[in-house]
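One-letter residues, chain by chain:
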There are 2 protein chains.
Amino acid sequence: MSYVKNHIDAMSPYVPGEQPAGPRRIVKLNTNENPYPPSPQVRDVLRSVLCEELRVYPRPDARKFIEAVAETLRLPREMLLAANGSDNLLLMIARAAAGPGRRVAWLQPTFPFYETQARIEASEILEVPFEDDFAFPLQGLIDAQPAVAFIASPNSPTGTAATTDQLETLAKAMQGRGLLVIDEAYADFSDAHALELPLRYDNVIVLRTLSKGYSLAGLRLGFAVAQPALLGQLWKTKEIYNVGVLAERIGAVAIRDQAHLRENVAKIRASREKLTVNLRARGWTVWPSQANFLLARPAGGDARGAFETLKAGGVLVRYFDKPPMDDKLRITVGTDEQCAALLRALDARS
Amino acid sequence: MSYVKNHIDAMSPYVPGEQPAGPRRIVKLNTNENPYPPSPQVRDVLRSVLCEELRVYPRPDARKFIEAVAETLRLPREMLLAANGSDNLLLMIARAAAGPGRRVAWLQPTFPFYETQARIEASEILEVPFEDDFAFPLQGLIDAQPAVAFIASPNSPTGTAATTDQLETLAKAMQGRGLLVIDEAYADFSDAHALELPLRYDNVIVLRTLSKGYSLAGLRLGFAVAQPALLGQLWKTKEIYNVGVLAERIGAVAIRDQAHLRENVAKIRASREKLTVNLRARGWTVWPSQANFLLARPAGGDARGAFETLKAGGVLVRYFDKPPMDDKLRITVGTDEQCAALLRALDARS
């Protein structure tokens, strides 16, 4: 017998990408981290924070961070909710809005944690496959009539993004019936974003994280943008104090340092184009990416072989074991030096 | 129409104790924080941590912290699960084991967040009142036959604790049928604890936090102790990376500094006895406390009046608006100086 609900007992846990232990000799291009350090002001906060600040409970609304986000992105404070990473927001949304008889939809392939969340809530689920060449399946999503749609844009592992027009059309079609969750974890690297949609649609939630663009994956900090009535519902499902004092303070200085963000993003976008060209020159298929990683298929499609070759050469990328992804790799865009190391490791096998 | 589930729409959010903004002139005895600073080694970690560590994702299992807990408390690593505060653990337990047709029980009065969690999961709920003078209602809990029992021991706001024998009897009665969650947030201040029960009972989860004894409420860090099979179920409902790098590193040094913990706990226990005597000398009823706070009833029972007097005198304590608690105050045990300030503020009104 099990002490938990039957559908939880039957579930498999989410398995994250490998985090190699020990000294980091490895070129780690498998979990879409930013290769550049966070804002130098993060260091100043770490050096100046007082233990006294850790002694007391944080503000339940991570106020200092939220104020910094509001000023930087020019959004009303009442439309912002801070969280212990985007995962924490996905969990709140699923708890509030998913469940038996409520259909949850997502793209296929996408971030597998959406499925985890839907399954925990015993939701009806619907995976909407991309159209040819990973074109955004707008009509398929509209036809799905979901209670919740989790749309990563840019999407992982494809690197493709929906246009703001497509997302607005979907928001309009779902209005009054379902929540459109736009997970913009990678939006710092893309040409467009959908931050203005929650201002006009009461059913849109945009999720942002400081893990990618701001180089703070280890901090655990993200935020949601939505209308106050909807945030009030999510607030009911959150931990009392979900964001600690250090994340509140570090997040505030990091998001205000937009110059640092822009500089790193420009470098990564340039490396992304260079790596695309260099892989294509070796016969690889590389899909145009709006994110800080590439989806790429080796000539011949032996992605597992390429993964093993790279690993043996000290370069870790992400290989997905299941069709239709098992002939492709997801490669995080590192520094130019890291990308060169990847190419060298590939060339060494030929 | 609402975009969320009906029972979420109908819920009220949890309201935490007041966190006064601005400079801390106030004597803050309302949220059971520790008046003494955390281990001095916490400061060393903050000064030495590298931004590079924040750039990458943390380990999903907060390994360094878990290793430190295992060594310090002499528990097997496989019986430990780290979390973003006890709230995060309560959420995981509720998601895994609460739900329609599954009864969730707790003491009345207790930490209101148990009810929040049960209501989010649309569980059948049962509040088991204490017996006379806040004696532990063992038979009432056994008779409740819950799928999940959330037992805070020591309990807030009563300050009373169940004996380990009572908890073991309850665990035995629930075995094969329900989960016994023993929330030991305040156990660092009590004469006994139940850490050995999960070693013998597959249905017991003990929760610990670093917020109280270790003076790290602002950090957000806690852990669960249970058998591996049960932790495997909870693992399915957790965020991928629920504990950040800073919490992992700071938590590891804090829990290893048991000398610092013992010293602060001894001071707080001594102040607790002194404050009890001093309030009783003023005609107050004070229940014997195993925690870092007192439940106390002013002579005459005008708790709201006493709360207002104290607030006017710059001392913040916790007043609960509803019977049977509305004639009592919950007073966090501060330093001797803070307790003296409280008594002065009380005496000033007479």
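Residues numbered from 1 in each chain as written. Chains lettered and ligands numbered in written order. Predicted model: local features only at pLDDT ≥ 70, side-chain atom pairs only at ≥ 80, totals over all residues. Heavy atoms only, no water.

(A) A look at the interface of chain B and chain A. Every contact between the two is made by 85 residues of chain B and, on the other side, 85 residues of chain A. Counting the surface lost from both chain B and chain A, the interface buries some 7,000 Å², and carbon and sulfur atoms represent 57% of this. For chain B, the biggest contributors to the area lost against chain A are B:Tyr3, B:Tyr57 and B:Arg95; these three give 14% of the whole. The partner of B:Lys5 in a salt bridge is A:Glu121, and the shortest N-O contact between them spans 3.2 Å. (Contact = heavy atoms within 4.5 Å. Buried area = accessible area lost by both parts, 1.4 Å probe. Salt bridge = Lys/Arg side-chain N within 4 Å of Asp/Glu carboxyl O.)

(B) Focus on the relation of the copies chain B and chain A. In the superposition of chain B on chain A (RMSD 0.0 Å, axial shift 0.0 Å), the rotation amounts to 180°. Given the turn and translation reported, the copies of this chain are related as if by a two-fold rotation axis. A share of 100% of the interface residues of chain B reappears at the interface of chain A, consistent with the copies meeting face to face through the same patch. (Least-squares fit on C-alpha atoms with pLDDT ≥ 70 in both.)

(C) Region of interest: the pattern of salt bridges. Summed over the entire model, instances satisfying the criterion amount to 44 salt bridges over all chains. Between A:Asp327 and A:Arg297 there is a salt bridge, and its shortest N-O distance comes to 2.7 Å. You can see A:Asp327 sitting in the loop between strand S12 (318-319) and strand S13 (329-332) and its partner A:Arg297 sitting in strand S10 (residues 293-297), a full 30 residues away along the chain. In this structure A:Asp327 comes out as buried when scored by relative accessible area, which is 19%. On the accessibility criterion, A:Arg297 (26% relative accessible area) is partly exposed. We note a salt bridge from A:Arg304 to A:Asp321, for which the minimum N-O separation is 2.8 Å. Remark: A:Asp321 occurs in the loop between S12 and S13 and A:Arg304 occurs in helix H13 (residues 303-312); sequence separation between them is 17 residues. By relative accessible area, A:Arg304 is classed as partly exposed at 41%. Look at the salt bridges and you will find they share partners, linking A:Lys5, A:Arg95 and B:Glu121 into a network. (Helix = DSSP H or I, 4+ residues; strand = E, 2+ residues; numbered from the N terminus. Buried < 20%, exposed > 50% of the residue type's maximum accessible area, 1.4 Å probe, protein only.)

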